[in-house]
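These are the residues of each chain, in order.
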Amino acid sequence: MSAYIKGALLCIIGTAAMTSNAQLDVYLSPGYGIGFSKARLDRIQDSYTSYQTYLDNNMAGDPYTADPNWDSQGRIQTLSFHLGIAGDGVMAGISYFPYRLKQERYVMQQSGYGRKFVWKEARNEVLFDVGFGSKYIDVFGSFGVNLNTYKMLSYQVYPSGHESINSEYNFNGLFSIFDAGVSFGAGLKLKVIPFLALEMRYIYASDLLPGEKRSIIEDPSALADNSFAREPGTNHYPLDYMQPLTLDNEINPNFRRSTLQFSILFYYRQND
Amino acid sequence: MTKSYKNTVLFLLSFMLLFGSCQKDESALNDYDLFGRLQFGSGTWELIETQSFDNSIVNPEIVTSQPPLKTIYHYYMRSYLVGGVIVDVPTVKQYVDQSPGPMYDVEAELDRVVFRAGEIFGGTVYTVMENKPNTQVWSFTAGNETIIYTFKKCNCAIPLPSASESGG
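Residues numbered from 1 in each chain as written. Chains lettered and ligands numbered in written order. Predicted model: local features only at pLDDT ≥ 70, side-chain atom pairs only at ≥ 80, totals over all residues. Heavy atoms only, no water.

Asks: Help me get a handle on the overall build of chain B, residues and values and all.
Replies: Check the secondary structure of chain B and you find two helices and nine strands. The N-to-C order of helical and strand elements in chain B reads α-α-β-β-β-β-β-β-β-β-β. Here chain B holds 168 residues, and the buried ones make up 36% of them. A total accessible area of about 9700 Å² is found for chain B, and carbon and sulfur atoms account for 56% of it. (Helix = DSSP H or I, 4+ residues; strand = E, 2+ residues; numbered from the N terminus. Buried < 20%, exposed > 50% of the residue type's maximum accessible area, 1.4 Å probe, protein only. Areas by Shrake-Rupley, 256 points an atom, 1.4 Å probe, with all protein chains shown as cover.)

Asks: Could you give an account of the pairing of strand β4 (residues 90-109) of chain A, naming the residues involved and the relevant values?
Replies: Both faces of the sheet carry side chains from a regular strand, because those side chains alternate between them. Residue and element names in this part refer to chain A. For strand β2 (residues 64-66) and β4, the ladder comprises three bridges, and the chain directions are antiparallel. Across the sheet, residue Tyr-64 finds its bridge partner in β4, namely Gln-109. By the bridge criterion, seven bridges tie strand β3 (residues 73-87) to β4 in an arrangement that is antiparallel. Bridge pairing in β4 links Gly-84 to Gly-93. Here β3 hands over to β4 after two residues, with Asp-88 in that stretch at a positive phi of 60°. The antiparallel pairing of β4 with strand β5 (residues 114-133) creates a hairpin that spans four residues between the two strands, and Gly-112 there sits at a positive phi of about 100°. (Pairing = 2+ DSSP bridges.)

Asks: Run through the packing of aromatic side chains, naming residues and quoting values.
Replies: For the structure on display, the rule yields 35 aromatic pairs over all chains. Ring centres 5.9 Å apart and planes at 80° place the aromatic pair Tyr-48 of chain A and Phe-117 of chain A in the edge-to-face group. Of the two residues, Tyr-48 of chain A sits in helix α2 (residues 42-58) while Phe-117 of chain A sits in strand β5, which places them 69 residues apart along the sequence. The burial state of Tyr-48 of chain A is the same as that of Phe-117 of chain A; both residues are buried. Centre to centre, the rings of Tyr-126 of chain B and Phe-140 of chain B are 5.9 Å apart; their planes meet at 55°, and the pair counts as tilted. Of the two residues, Tyr-126 of chain B sits in strand β7 (residues 124-131) while Phe-140 of chain B sits in strand β8 (residues 135-142), which places them 14 residues apart along the sequence. Directly above the ring of Tyr-155 of chain A sits Lys-116 of chain A, whose terminal nitrogen or CZ lies 5.2 Å from the centroid. (Phe/Tyr/Trp six-rings, centres within 6.5 Å; stacked < 30°, edge-to-face > 60°. Lys NZ or Arg CZ within 6 Å of the ring centre and 35° of its normal.)

Structure below.
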């Protein structure tokens, strides 16, 4: 066990012991919730549309059927973790929401060949909650960061049904990018049921960190496949399939997302 | 509720945090690269079965076979010195019936694995079809032919080099 973990445990237990006679609850709670989320995915939507335009222009003799474009809004679910203190007029804590989102799209040609796209978002919201706390209700504002890994997988689909991400075709690939941004929001926690808390919160996850806009660190990042197996110069996931595959034909991450989240938390109240 | 019971509950809740990452692969930027799983433990995987078929037709005939000789793959991190800096390279070495085979640099991601035999660009690209702690199913496609490989984690002993002498 590392010294850091030991230290964290001692802090938590120590804080609990110190506050056990006060009117503050110390909570360490796993939670589960569903949310309604809306994202900005216009760039991968444009790319998907351009792929169909590419087929229209280059494979007109092999008609295709395509799934609808990427969903920019929908229902999401996640586990969450909460640590903090509440009561006596104050509330302060840390919340962690790991969202794992995935969408798939097929564009299948009459010949049996086609392409499968998979879009994955591994989002990690780390939020500091501060606000008013009491025995039965907490109201808080949140601020923090979102740490995200985005992946676009592009597979060749064969008539046998097999899907391959090999390097035989330039359109195949595993394009990924890490991006972080500032998050903020607000929420409400109800604690009227023993051992349970109901939480509603809004999270706005920006795609930029403070000072990142128009800075040198924003532009160079793009959805990229950095495998050595790839033909040099074709590493970026194309924004426009009608244009040559170059390092300029790229998608910079601007995938901000807002979420209205409802969670149920295990909540042990010490001061009953 | 007594104070000691409260503290016990709090301690148990705190202790749960320690197991949050059990059995997770090594991670860089939270992408959980597959190499951590491949090299975990002894890092040895045995090729159990291959299936080959023509991918250009619907419902192709699948030819299933087992390797005639025991074939294992050993995944490990190879370190060497470059310009005074130690560089770690994910590596795999193949052994067929106790005989050492080729060695490759490895790019192991959750959805794709690349074996590179020293070339700067290129390599053999496998699509990860199934990724479990003790089973890996990968496919390789070239033209109309697709081969599916099934590997099982085996904790096999790495064959030791046999003693030899060329002079003296």
